[in-house]
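# Close look at the chain arrangement
So you can see what is in the structure, the chains are spelled out below.
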Amino acid sequence: MNADIIIIGGGIIGTSCAYFLAREGLKVVLLERNEIASGTSSAGEGNILVSDKLPGPELTLAQLGRSIWQDLANELPDDFEFDPKGGILVAETADDWQALISHTQKLQHAGVTAQLLNSDELYELEPYLARDLAGAALFPEDAQGYPPAACRALVKSAQQHGLIVLDHREVLAIKHTQHNAVSAVVTTQETISTPCVINAAGPWSKQVAILADCALPILPRKGHLLVTEPLPPRVYHKIAEIGYTTTVTQAENDLQVAAVVEGTKSGNILLGSSRQFVGFDASIEQRVVQAILQRAQRFFPLLAPPPAFHVRVGFRPYSPDHLPIIGEMPDVPGFYVNTGHEGAGFGLGPASAKLLSELILKRPSVMSIAPFHPARFQQG
Ligand SMILES: Cc1cc2nc3c(=O)[nH]c(=O)nc-3n(C[C@H](O)[C@H](O)[C@H](O)COP(=O)(O)OP(=O)(O)OC[C@H]3O[C@@H](n4cnc5c(N)ncnc54)[C@H](O)[C@@H]3O)c2cc1C
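Quick caveat, the model's predicted, so the values are computed rather than measured.

Reading the values: the criteria
Residues numbered from 1 in each chain as written. Predicted model: local features only at pLDDT ≥ 70, side-chain atom pairs only at ≥ 80, totals over all residues. Heavy atoms only, no water. Disulfide = S-S within 2.5 Å. Core = buried A, V, L, I, M, F, W, Y, C linked by side-chain atoms within 4.5 Å. Buried < 20%, exposed > 50% of the residue type's maximum accessible area, 1.4 Å probe, protein only. Helix = DSSP H or I, 4+ residues; strand = E, 2+ residues; numbered from the N terminus. Domains from an automatic or database assignment. Contact = heavy atoms within 4.5 Å. Buried area = accessible area lost by both parts, 1.4 Å probe. Salt bridge = Lys/Arg side-chain N within 4 Å of Asp/Glu carboxyl O. Polar contact = N/O pair within 3.5 Å; in protein donor to acceptor, adjacent residues only side chain to side chain. Nonpolar A, V, L, I, M, F, W, Y, C, P; charged D, E, K, R; others polar. Axes fitted to C-alpha atoms, helices over the stretch in contact; angles between N-to-C directions. Parallel < 35°, antiparallel > 145°, perpendicular 65-115°, else oblique. Phe/Tyr/Trp six-rings, centres within 6.5 Å; stacked < 30°, edge-to-face > 60°. Lys NZ or Arg CZ within 6 Å of the ring centre and 35° of its normal. Pairing = 2+ DSSP bridges.

## Overview of the state of the cysteines
- Taken as a whole and judged by the stated rule, the model has zero disulfides.
- Residue Cys151 stays outside any disulfide, its sulfur separated by 11 Å from that of Cys17, the closest cysteine.

See the structure below:
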């Protein structure tokens, strides 16, 4: 068997790449060791956020991603619960409020629509929020989708353009020509010849890179997410405390927890978020669950006592400079990478895939891919 392009990984990054490349008339094969959306892409809230970014390349990518998600909501035949509901960042203390004002102004200068809210405006939008908050800001561009449904919808659309999905295939080896270009991928079931491989293996992309004799500095950053039973609507936007933006952009080794609370179209309330570096230990830790619950109850007293909930655990693909890694690996022609999106891979996925597909197709890019190039980790 042969392919023009092989994509390794059936999460939001791999399926988005498949969506943009299969429609170009190329023979694209998507390899997934389990099932579509069985990795990190089934663990998250599905937020498509601009509010938690800082001005710079990641925000520009997020703004592009937000716009592409809107197009996909119109184009994809299958529903993935796209909900342009907006996000609200809340401040607990006077210091938090100063930090929130500064954050909001920075994002406004970078072209993000944002509005500081007075108390009346806040409680009209979110009547069940705690009454003693120091302030809040609305970010109407924040949106949400349901990641597993989005992955499946992207795959289904790509299959209509000839995408071949081979699931339950683990990639075991990547072969090279004598000039070190990729030449084939060996799975648990077959060897497929190809001149082009995309490593979209998320938190496992470091291990997949090793198969091609490359180094990628990706680490798994564990997160717990509490999913309540379906409840009557009480939370109307994505609500996060301003401290969440710090946990996103800083990489403390210790457990970090900040409140993120939001509803879904199915009625479940999602409670996050936690960040830890503990390898691929997927155990549910009660101290983390309790910490998330306490922060959520601080902002939404109606969650005490807590409704019935279950816990999901996932591993964000963490990149040391907090930017995704998108591009062709130096010294291995034909070996491309699209990973390192950490806690923003759903929001950024289609934009990253669009940039990578433009690179592979040698087309002009809608934005510079340079800040994301993998070579930055080889420059000392
Ligand atoms: C708790 C939590 C909450 C989150 N919330 C959000 C959010 O609200 N918004 C947001 O944008 N992001 C969020 N994220 C982050 C987001 O989920 C990830 O950035 C994104 O899912 C990464 O997608 P991926 O396709 O790179 O990886 P994955 O979805 O993990 O896909 C990689 C795939 O590669 C496969 N694979 C690995 N090795 C091999 C191999 N050798 N052969 C074949 N297949 C292989 C795996 O089985 C897996 O399916 C959250 C993450 C967590 C953990």
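## Thoughts on the nonpolar core
- Among the nonpolar cores identified, the biggest contains 65 residues, and Ile7, Trp69 and Ile198 are the most heavily contacted of them.
- In terms of residues, this core owes the most to one element, helix H1 (residues 12-22), which gives eight residues.
- Domain assignment of the residues forming this core places at least three in each of domain 1 (5-64 + 147-217 + 321-378) and domain 2 (87-140 + 219-318).
- Excluding residues that lie within four positions of it along the chain, Trp69 makes contacts with Ile12, Ile48, Phe80, Phe82, Ala150, Phe346, Gly347 and Pro350.
- Counting 25 residues, the second-largest nonpolar core is a separate cluster that includes Val90, Leu122, Ile239 and Val288.

## Quick notes on the domain arrangement of the chain
- The domain boundaries assigned to the chain delineate domain 1 (5-64 + 147-217 + 321-378) and domain 2 (87-140 + 219-318).
- Listed as interface residues are 26 residues of domain 1 and, on the opposing side, 30 residues of domain 2.
- Between domain 1 and domain 2, a total of about 2,300 Å² is buried, with carbon and sulfur atoms accounting for 61% of that surface.
- Inspection of the region where domain 1 meets domain 2 yields three salt bridges.
- Of the charged contacts, one joins Arg275 and Glu342 as a salt bridge, the two residues approaching to 3.4 Å between their closest N and O atoms.
- Where domain 1 meets domain 2, there are nine residue pairs in polar contact (both at pLDDT 80 or more).
- Residue composition of the side of domain 1 that touches domain 2, by class: nine nonpolar, 13 polar and four charged.

## Quick look at H1
- Burial within H1 is extensive, with 11 of its 11 residues counted as buried.
- All of the buried residues along H1 are Ile12, Ile13, Gly14, Thr15, Ser16, Cys17, Ala18, Tyr19, Phe20, Leu21 and Ala22.

## Topic: the pattern of salt bridges
- Evaluated as defined, the whole model comprises 16 salt bridges.
- Across the pair Lys156 and Asp78 runs a salt bridge, and its minimum N-O distance is 3.0 Å. Linking Lys156 in helix H5 (residues 147-159) with Asp78 in the loop between helix H2 (57-75) and strand S4 (87-91), this pair joins segments that are 78 residues apart in sequence.
- Lys156 sits in the partly exposed class, given a relative accessible area of 37%.
- Taking the relative accessible area as the measure of exposure, Asp78 reaches 28% and is therefore partly exposed.
- Through salt bridges with shared partners, a single ionic network connects Glu92, Asp132, Glu241, Arg295 and Arg298.

## Let's talk about the packing of H2 against helix H9 (residues 345-360)
- The contact between H2 and H9 brings their axes to 7 Å, and the two run at 95 degrees. Classified by the angle their axes make, H2 and H9 are roughly perpendicular. Residue-level contacts link Glu58, Leu61, Ala62, Leu64, Gly65, Ile68, Trp69 and Leu72 of H2 to Phe346, Gly347, Leu348, Pro350, Ala351, Ser352, Lys354 and Leu355 of H9.
- Looking at the contact of H2 with H9 residue by residue, the class counts come to 11 nonpolar, three polar and two charged.

## Looking at the packing of aromatic side chains
- Following the criterion strictly, the structure yields seven aromatic pairs and no others.
- Three or more aromatic residues joined by ring pairs form one cluster here, namely Trp69, Phe80, Phe82 and Phe346.
- The cationic tip of Arg23 hangs over the ring face of Tyr19; the distance from NZ or CZ to the ring centre is 4.2 Å.
- The lysine or arginine in question, Arg131, covers the ring of Tyr123, its NZ or CZ lying 4.1 Å from the ring centre.

## Description of the sheet that holds strand S16 (residues 269-275)
- Ordered in space as S5-S6-S4-S14-S15-S16-S13-S17, the eight strands form an open sheet in which the pairing is mixed. In this open sheet, the two edge strands, each paired with only one partner strand, are strand S5 (115-117) and strand S17 (309-318). Here the strands of the sheet are splayed against their neighbours by 25 degrees on average, with no regard to which way each runs.
- Here strand S15 (residues 256-263) runs beside S16; their pairing, made up of six bridges, is antiparallel. Across the sheet, the residue bridging to Gln256 is Arg275, located in S16.
- Helix-sheet contacts for helix H3 (residues 94-109) involve S4, S5 and strand S6 (135-139), and the interaxial angle to S6 is about 20 degrees.

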